Amino acid sequence: MKQILYSYAFVLLLLIALVSILSYGYGAGYVYVYFRHWQIQSNVWVLLIFLVLLSLIGQVLWLLFKRYFSRLEQRKQKIFNFEHLHPYEKLAVLWLLDANQEKRDMVEGIFKQSNLLNEVIHAFFLWKQGDVKSALNMLEHSPAMAFELAELQRIEIYLSEQNPNHALTHLEFLSQHELSPWLKDIQQGYMQRLTLLWGQFAAQFPWLYVQSSQFGQLNDPDKTRWLQQLLIAFDQASPEDLTHLQQRYDEFKDTKLHDTTRENKVLWLKVLARLPEMSLEHELLAETLLNELFDQEVFYLWFEKQLLKQTPAYEKIEQQLNMWEAKYPNIPIFSFARWFVYQETGRFSEAEKLLELYPDNILMSYLRIKNQLKDNEVLVQQLNLLFESNTNFLKVNL
């Protein structure tokens, strides 16, 4: 349609130029049309513009009718040969069927003549075949205009080959690289792909991600995966890794922590629980989460940290328990925690009264059994071992 409009505009300009030359010194001319008592009097300019517009309208109508009837014909047409389909229809069918070998042949055939995408497409299928070296060599010969696409493919290869240093180098560079003009229209899709690759990198190499310049740019699901993998690989951390993690949290807590999901905040709390130097940050985050919404696991993490202090502040613990118990009434875990506070502060009679509460609660039942076995340290240790190792209960050192 655009080509037709451009063609008519060009022809109209030529006619105007020609008539202008011919009419120079002679005027615009005179046109008189008489038909069945209808009379039209004008000049050559009006007649010229009228004829061009009439021709344009006629051709546009013809094109629209042609497309309409062509679509009707396609709907009635029966396909007996796959080769009769349009190339994009072939690609869609193979994609839906997940026919990998046929898909490769078709895709490579379609893009073989493409100076922009041929090497990138070919490298993709070489990588899928396991020929990593050839795939990387092919990407080296890709055109400069396909730089971002080649880089994304290169990063995927490095991640699949467990090559974190090369993957990080290219991810860092691509994240700071100005996008090519021809990709601006699909910038959102491009950035989503880049963010997904960062998420994959963070999940595979959680400690290396801590040292990256793009730390904190993950979406929430990828942050969850990263924090989970960080906890799994925590014992593999070097002192330098732990120092970087503490620095990252100090930067993160004041800018982005309040925007992240509650699930990720709880995971951060578990990470902080393993960092003795971050005990204050752990306490503040736990209390913030509990003030927002009660969570028994978060309360366990907070209470355990309080008891493990060199000199537990039992008065402060009790004040905090009173505040939360007033806000969240009838929750057995508060009586469970209060029993430990009363025992440590010598209020044994008050502790005994607490054992009468919540007869069906497993935590309070544990305390009742422990109270009966208090003179037998061996049995108490066995009871603790049984309780702490049971996956049905929350993990806490009793």
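Use the structure listed above.
A short tour of the structure in this document, coming up. (Residues numbered from 1 in each chain as written. Predicted model: local features only at pLDDT ≥ 70, side-chain atom pairs only at ≥ 80, totals over all residues. Heavy atoms only, no water.)

## Things to note about the overall build of the protein chain
Our working rule: Only runs of H or I of at least four residues qualify as helices and only runs of E of at least two qualify as strands under DSSP, and these elements are numbered from the N terminus. The classification of residues rests on relative accessible area computed with a 1.4 Å probe and restricted to protein chains. Under 20% of the type maximum is buried, over 50% is exposed, and intermediate values are partly exposed. Contacts are assigned to residue pairs with any non-hydrogen atoms lying within 4.5 Å of each other. What sets the accessible areas is the Shrake-Rupley method with a 1.4 Å probe; for residues, cover comes only from the shown protein chains.
Looking only at helices and strands, the protein chain has 20 helices and two strands in total. Burial status across the protein chain gives 38% buried among its 398 residues. Long-range pairs, those at least 24 residues apart, make up 51% of the contacts in the protein chain between residues at least 6 apart in sequence. Carbon and sulfur atoms make up 58% of the accessible area of the protein chain, which amounts to about 25,400 Å² in all.

## Re helix H17 (residues 332-344)
We count it as follows: An expected span of 1.5 Å times one less than the residue number is assigned to each helix.
Along its 13 residues, H17 runs 19 Å from first to last C-alpha, staying within 8% of the 18 Å computed at 1.5 Å per residue. The buried fraction of H17 is high, at eleven of 13 residues. Along H17, the positions that sit buried rather than exposed are Pro332, Ile333, Phe334, Ser335, Phe336, Ala337, Arg338, Trp339, Phe340, Val341 and Tyr342. Next to the buried residues of H17 lie helix H15 (296-307), helix H16 (314-327), helix H18 (348-354) and helix H19 (362-372). At the exit of H17 stands Gly346, carrying a positive phi of roughly 80 degrees.

## Considerations on the side chain of Ser212
Residue position: Ser212 is located in the loop between helix H10 (206-210) and helix H11 (220-232). The class for Ser212 is buried, based on a relative accessible area of 0%. When sequence neighbours within four positions are dropped, the list of residues in contact with Ser212 reads Leu168, Glu172, Trp198 and Arg248.

## Here's the deal with empty space enclosed by the protein
Basically, it comes down to this: Every definition here rests on a 1 Å grid over the protein atoms only: cavities are sets of points where a 1.4 Å probe fits but cannot get out, pockets are open sets enclosed by protein on both sides within 12 Å along at least five of seven lines, and lining residues have some atom within 4 Å of a point. Grid points are joined across faces, edges and corners, and a volume is the space filled by probe spheres set on the points. In the scheme used here, Gly and all other residues not listed as nonpolar or charged are polar, with Ala, Val, Leu, Ile, Met, Phe, Trp, Tyr, Cys and Pro taken as nonpolar and Asp, Glu, Lys and Arg as charged.
Tallied over the entire structure, the rule returns one cavity of 30 Å³ or more. Space inside the largest cavity adds up to approximately 50 Å³. Every residue along the wall of the largest cavity is listed here: Tyr209, Phe215, Gly216, Leu218, Lys223, Trp226, Leu227, Phe252 and Trp268. A total of three residues in the lining of the largest cavity trace back to one element, the largest contributor, which is H11. Here the residues of the lining of the largest cavity sort into seven nonpolar, one polar and one charged.

## Observations concerning the pairing of strand E1 (residues 31-35)
Heads up, the rule is: Strand pairing is assigned whenever DSSP detects at least two bridges linking the two strands.
Across five bridges, the pairing between E1 and strand E2 (residues 38-42) is antiparallel. Bridged to Tyr32 within E2 is Gln41.

## Remarks on the packing of aromatic side chains
The condition is simple: Only rings of Phe, Tyr and Trp enter the pairing, Trp through its six-membered ring, and a pair is recorded when the two centres are within 6.5 Å. The plane angle decides the type: under 30 degrees is stacked, over 60 is edge-to-face, the rest tilted.
Counted according to the given criterion, the structure contains 26 aromatic pairs. Aromatic pair Phe124 and Phe125: ring centres 5.2 Å apart, planes at 80 degrees, arrangement edge-to-face. Between Phe294 and Tyr328 the ring centres are 5.7 Å apart and the planes differ by 45 degrees, which places this aromatic pair in the tilted class. With Phe294 in the loop between helix H14 (279-292) and H15 and Tyr328 in the loop between H16 and H17, this pair connects stretches of sequence that are 34 residues apart. Grouped by ring-pair contacts, the aromatic residues Phe294, Phe299, Tyr300, Trp302, Phe303, Trp324, Tyr328, Phe334, Phe336, Trp339, Phe340 and Tyr366 constitute a single cluster.

## Re the packing of helix H6 (residues 132-140) against helix H7 (residues 147-160)
Selection rule: Fitting a line to C-alpha atoms yields each axis, with helices limited to the stretch in contact; the angle taken between N-to-C directions then spans 0 to 180 degrees. Every angle not falling under 35 degrees, over 145, or within 65 to 115 is termed oblique; those three ranges are roughly parallel, roughly antiparallel and roughly perpendicular. Crossings are assigned a handedness: left-handed for a near helix turned anticlockwise from the far helix by less than a right angle, right-handed for a clockwise turn.
Where H6 contacts H7, the axes come no closer than 10 Å and their chain directions differ by 160 degrees. When the axes of H6 and H7 are compared, the pair comes out roughly antiparallel. Of the two possible hands of crossing, H6 and H7 adopt the one that is left-handed. Contacts from Val132, Ala135, Leu136, Leu139 and Glu140 in H6 reach Ala150, Gln153, Arg154, Ile157 and Tyr158 in H7. Considering only residue class, the contact of H6 with H7 consists of seven nonpolar, one polar and two charged.

## Observations regarding the pairing of E2
For E2, the tally of buried residues reaches only zero of five residues, placing the bulk of the element at the surface. Connecting the antiparallel pair E1 and E2 is a turn made up of two residues, with Arg36 showing a positive phi of about 50 degrees.

## Focus on the pattern of salt bridges
Definition in use: Counted as salt bridges are all cases of a side-chain nitrogen of Lys or Arg within 4 Å of a carboxyl oxygen of Asp or Glu.
Under the counting rule described, the total for this entry stands at 13 salt bridges. Across the pair Glu292 and Arg262 runs a salt bridge whose closest N-O atoms are separated by 3.5 Å. In this pair, Glu292 sits in helix H14 while Arg262 sits in helix H13 (residues 262-273), placing the two residues 30 residues apart along the sequence. When its relative accessible area of 49% is taken as the criterion, Glu292 is described as partly exposed. With relative accessibility at 24%, the residue Arg262 sits in the partly exposed group. Taking the shortest distance from any N to any O, the salt bridge between Arg338 and Glu325 comes out at 2.5 Å. One end of the pair, Arg338, is in helix H17; the other, Glu325, is in helix H16, with 13 residues separating them in the sequence. Among the charged side chains, a salt-bridge network with shared partners connects Glu140, Glu151 and Arg154.

## Some thoughts on the environment of Leu197
Checked against the element boundaries, Leu197 lands in helix H9 (residues 187-204). C-alpha separation for the pair Leu197 and Asp222, spaced 25 residues apart in sequence, amounts to 9.9 Å. If we ignore the near neighbours within four places in the chain, the residues touching Leu197 are Leu152, Ile155, Glu156, Leu159 and Leu171.

## Considerations on the nonpolar core
What counts is decided by this rule: Residues grouped as a nonpolar core are buried Ala, Val, Leu, Ile, Met, Phe, Trp, Tyr and Cys residues, joined through side-chain atoms within 4.5 Å.
In this structure, Phe201, Trp226, Leu245, Trp268, Val271, Phe299 and Phe336 are the most contacted members of the largest nonpolar core, which totals 84 residues. Per element, the largest residue contribution to this core is eight residues, and it comes from H17. When near neighbours in sequence (up to four residues on either side) are disregarded, Trp226 contacts Ala202, Pro206, Tyr209, Val210, Phe215, Leu218 and Trp268.

## Quick word on a nonpolar patch on the surface
The condition that has to hold: Within the patch definition used here, like charges are joined within 9 Å and nonpolar side chains (Val, Leu, Ile, Met, Phe, Trp, Tyr) within 5 Å, considering only residues with over 30% relative accessible area and no salt bridge.
On the surface, Ile57, Leu61, Leu64, Phe65, Tyr68 and Phe69 cluster together to form a nonpolar patch covering roughly 640 Å² of accessible area. Counting through the fold element by element, Leu61 comes out in helix H2 (residues 44-76). A residue is classified by how much of its surface remains accessible, and Leu61, at 44% relative accessible area, is partly exposed.

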